[in-house]
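What follows is each chain in one-letter form.
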Amino acid sequence: MPKDAAATAPVRIEREGKAAFVVIDNPPVNASSLEVRAGLLDAIAALAKDETLDAIVLAGAGNTFIAGADIREFGKPLRDPQLPAVIAAIEQCPKPVVAAIRGAALGGGCELALACDARVGTSDALMGLPEVTLGIIPGAGGTQRLPRITGIATAIELSTAGRRLPAAEAQRLGLLDEVVNAPADLRGAALRRARSLAGRKRRISELPVPEQSAQAIESAAEDAMKSARGRAAIKEAITAVRNAARMPFAAALAEERAIFQRLRESEEAAALRYLFFAERQAARVTDLAEAAPRPIAQVGIVGAGTMGAAIAICFLDAGLPVRLIERDAQSLERGIDRVRVVYRRLSQSGRMTAEEMERRLARLAPGLGLDPLSQADLVIEAVFEDMDLKKGVFRDLDGVLKPGAILASNTSYLDLDALAGATRRPSDCVGLHFFSPANVMRLLEIVRGRATAADVLATALAVAKTIRKLPVVARVGEGFIGNRIYSAYRTQCELMLEEGAYPADVDSALVAFGLAMGPFAVGDLSGLDIAWRTRQRLAAARDPKARHPEALDRLCELGRFGQKTGAGWYRYREGARRGESDPDVHALIEKVSKEKGIARHPFTAEQIQWRALAAMVNEAALLLAEGIAARPSDVDLVLVNGYGFPAHKGGPLFWASRRGRKEVLAALDALPRATGDGFKRGNVERYLEEISQSGH
Ligand code: T1G
Ligand code: NAD
């Protein structure tokens, strides 16, 4: 192999005495691409017959072992050699092969490690079989070798949850034989381990599957199916792992591969691949150039209500000191208590030590008035959703904060440019729209104002990474991306009530589609008064000719705000989280239809689904055309990570791009007919084409 080819080869051999290191060097994450697989096969074949060698160590260059198969290859027919061939070569190699694992050994990377005779890792090693998060199952022996180490029940849990095991847990479960603290010690430890095998092979595939009670296996399978929500990959992963106990190794391996190949072609897999790359693209903002983020060492939060307190937890969890400000002592106490309750629950359930809880609470500094924020680098406002109040807070913050500090608002709908306009530093203003519960929901809509400086946006993106949030950038517009689309979707769902459906019909149809909850149950959970107040605020600007659903306003006029008032679209028994259909609501809805002269007709679940999703897709096209969102995949990320849209359907736009064009257009063309004047039809076709061209 000519010198320069050897230098760039994704797999190289480094000799060290009677040992050889096979190093995978395929940046950025040493994915086992076609070239890597071919390189590994050649290397193992060459070393297997090298009499001068007594040990082989498999390692990744940089701080990653192998992050799995190259996901970019999935949308196309897989080319030989495929991973099972490489794994068979390692198992059949007469010399012991030891995996030296630093960083990620995930999916195919974990399967390669399990094919080795021993595994040594550094303390930052991360092992697991996350294939189900890509709509597939392990396809190179993971479902057969893992249960031989951990037992069937644990292997079901690990392969269906897609869990990534830190080094200590991987060692406890037997995936790692040894853990070294310093990366510099890894090679030496791996060599010692290889030599300690004294030429013997230690094939996991030859191990028996540990005995386990049928009851333990059954409950692991049941638990896993609970979170499946119609996802085929979960069900298939359970089947494949269980085959380890009921079929010979080779037969179960072939069955695993067949399932893998079948799922690889599935829409679920295409959808999850699309979201995988969409997440990595979302943080890329084209015109940020080299803007460097500002340092954030101290954070302030104004308003310690439902959102403020949970946002404080995000920053405390990230190791930052937080000043939490309220308007009076009682509200402040309530806010601090909200933080304590979350940490106490984590500590009591063993997910956090009492010491760690105290450490995080010690970083929380409560206060009244804004002066304590004078040295903060970032302040997030989370007071009531009222423009005048928020403008006042922004104006006051402007007078207190040091130069260069960033002012952010957690507003759900309001005009960030107007808030920024209330200060003398609009370029330091940005929207940070968290989703409730903010310490749990991954999504963070970063709202870019007209004046927001590039380095302020870069800082917001860096902050999102620091607090482990998935950032999606939106421009200023009513409801930004998520709330705007959700509002259009909810409007169509409310209009269907006037035409013949009832809340439970709509909710069950959309839950059947895969949404976590239907719009009426969500409304009752978050409080109907929020949407009602927004509608009242926008009433003056509403097109008088457009159809406006009436039922919600009537419910709110009756003081039915949902769970918090014991009644909304549904009626709630004392303490119940699930509502019951309420004949009073049905009567109210029928009365509205009558008053409007609308003949009621039954809806099929499919009709409800198409109408609701067409509304989402259409509104997405409108806001993309306005530049509120930068790309279709950003919109899908928002709906999947903020509004319970099923990830295995990829988001409304991806889903629509996979349906027949005629069906989609028919559903879109039905919307103006149903909605009447004032309905704006978006150029959906353009964005569906864009997604189809993206090759997912
Ligand atoms: N294939 C191709 N590209 C990948 C990749 C992969 N497996 N993993 C990451 N990348 C790219 C990613 O798109 C980004 O590119 C860059 O690497 C950095 O990633 C047979 C079939 C390893 C924990 O599910 O979880 O093996 O945007 O931003 O935050 O059974 O990446 O810069 O151009 O995420 O440091 C199973 C997926 C595959 C692991 C690193 N493996 N990767 O996180 O960086 S299925 C996975 C990750 C499989 C076998 C089956 C993470 C990471 P770009 P990043 P990071
Ligand atoms: P909340 O009513 O639970 O809390 C608001 C807090 O602000 C109260 O504790 C109040 O005492 C405090 N406050 C009011 N005026 C203040 C002042 N001048 N100085 C300091 N504190 C003051 O409301 P919330 O649900 O946390 O919503 C807060 C903001 O977050 C709103 O803009 C809302 O639209 C937005 N938001 C809410 C959600 C949600 O699901 N609740 C989700 C995303 C965004």
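Up top is the structure.
Read on for a plain summary of the structure. (Residues numbered from 1 in each chain as written. Chains lettered and ligands numbered in written order. Predicted model: local features only at pLDDT ≥ 70, side-chain atom pairs only at ≥ 80, totals over all residues. Heavy atoms only, no water.)

Observations regarding the overall build of the chain
Phase 1: The helix and strand inventory of the chain stands at 29 helices and 19 strands.
Phase 2: Taken over C-alpha atoms, the radius of gyration comes to 28 Å for the chain, in line with the 26 Å a tight globule of 696 residues would show.
Phase 3: Overall, the C-alpha framework of the chain stretches about 90 × 60 × 50 Å when taken along its three principal axes.
Phase 4: Residues counted as buried form 55% of the 696 residues belonging to the chain.
Phase 5: Partitioning the intrachain contacts of the chain with sequence separation of at least 6 by distance along the chain shows that 74% fall at a separation of at least 24.
Phase 6: Here the chain displays about 29200 Å² of accessible surface, and carbon together with sulfur accounts for 54% of that area.
Phase 7: Looking at charge distribution, the chain has the averaged site of its 92 positive side-chain charges lying 2 Å from that of its 86 negative ones. (Helix = DSSP H or I, 4+ residues; strand = E, 2+ residues; numbered from the N terminus. Rg over C-alpha atoms; globule rule 2.2 N^0.38 Å. Buried < 20%, exposed > 50% of the residue type's maximum accessible area, 1.4 Å probe, protein only. Contact = heavy atoms within 4.5 Å. Areas by Shrake-Rupley, 256 points an atom, 1.4 Å probe, with all protein chains shown as cover. Lys, Arg positive; Asp, Glu negative; His and termini not counted. Charge placed at Lys NZ, Arg CZ, Asp CG, Glu CD.)

So, the packing of aromatic side chains
Phase 1: Within this structure, the stated rule accounts for 10 aromatic pairs.
Phase 2: Arranged with centres 5.6 Å apart and planes meeting at 70°, the rings of F513 and F645 form a pair that is edge-to-face. Taken together, the positions of F513 in helix α20 (residues 503-513) and F645 in the loop between α26 (632-642) and α27 (652-657) put the pair 132 residues apart, joining distant regions of the chain.
Phase 3: Exposure remark for F513: the relative accessible area of 7% places this residue in the buried category.
Phase 4: Each residue in the set F435, Y486, Y489 and Y643 is aromatic and connected to the rest through ring pairs, giving one cluster.
Phase 5: The positively charged end of R187 is found above the aromatic ring belonging to F21, 4.2 Å away from the centroid.
Phase 6: Seen from the ring of F276, R280 lies directly overhead, with NZ or CZ sitting 3.6 Å from the centre. (Phe/Tyr/Trp six-rings, centres within 6.5 Å; stacked < 30°, edge-to-face > 60°. Lys NZ or Arg CZ within 6 Å of the ring centre and 35° of its normal.)

Examining the site of ligand 1
Phase 1: In the region of ligand 1, 27 residues are neighbours, and G108, E111, E131, R164 and R284 sit closest.
Phase 2: G108 is positioned with one of its backbone polar atoms (N or O) 2.8 Å from an oxygen atom of ligand 1.
Phase 3: Take E111: an N or O atom from its side chain is 2.6 Å from an oxygen atom of ligand 1.
Phase 4: Its free accessible area being 1000 Å², ligand 1 has 75% of it covered by the protein chains.
Phase 5: Elements supplying a minimum of two residues to the shell around ligand 1: α4 (108-115) and α12 (267-282).
Phase 6: Counting residues per element, the shell around ligand 1 draws most heavily on α12, which supplies 3 residues.
Phase 7: Among the residues forming the shell around ligand 1, the class breakdown is 16 nonpolar, 4 polar and 7 charged. (Near = heavy atom within 4 Å. Polar contact = N/O pair within 3.5 Å; in protein donor to acceptor, adjacent residues only side chain to side chain. Nonpolar A, V, L, I, M, F, W, Y, C, P; charged D, E, K, R; others polar.)

Structural notes on unusual backbone geometry
Phase 1: Geometrically, the link from P27 to P28 is a cis peptide bond, its omega value of 10° lying close to zero.
Phase 2: Relative to the helices and strands, P28 is located in the loop between β2 (19-24) and α2 (34-48).
Phase 3: Look at the link from D80 to P81: it is a cis peptide, with omega at 0°.
Phase 4: Positionally, P81 belongs in the loop between β3 (55-60) and α3 (83-92).

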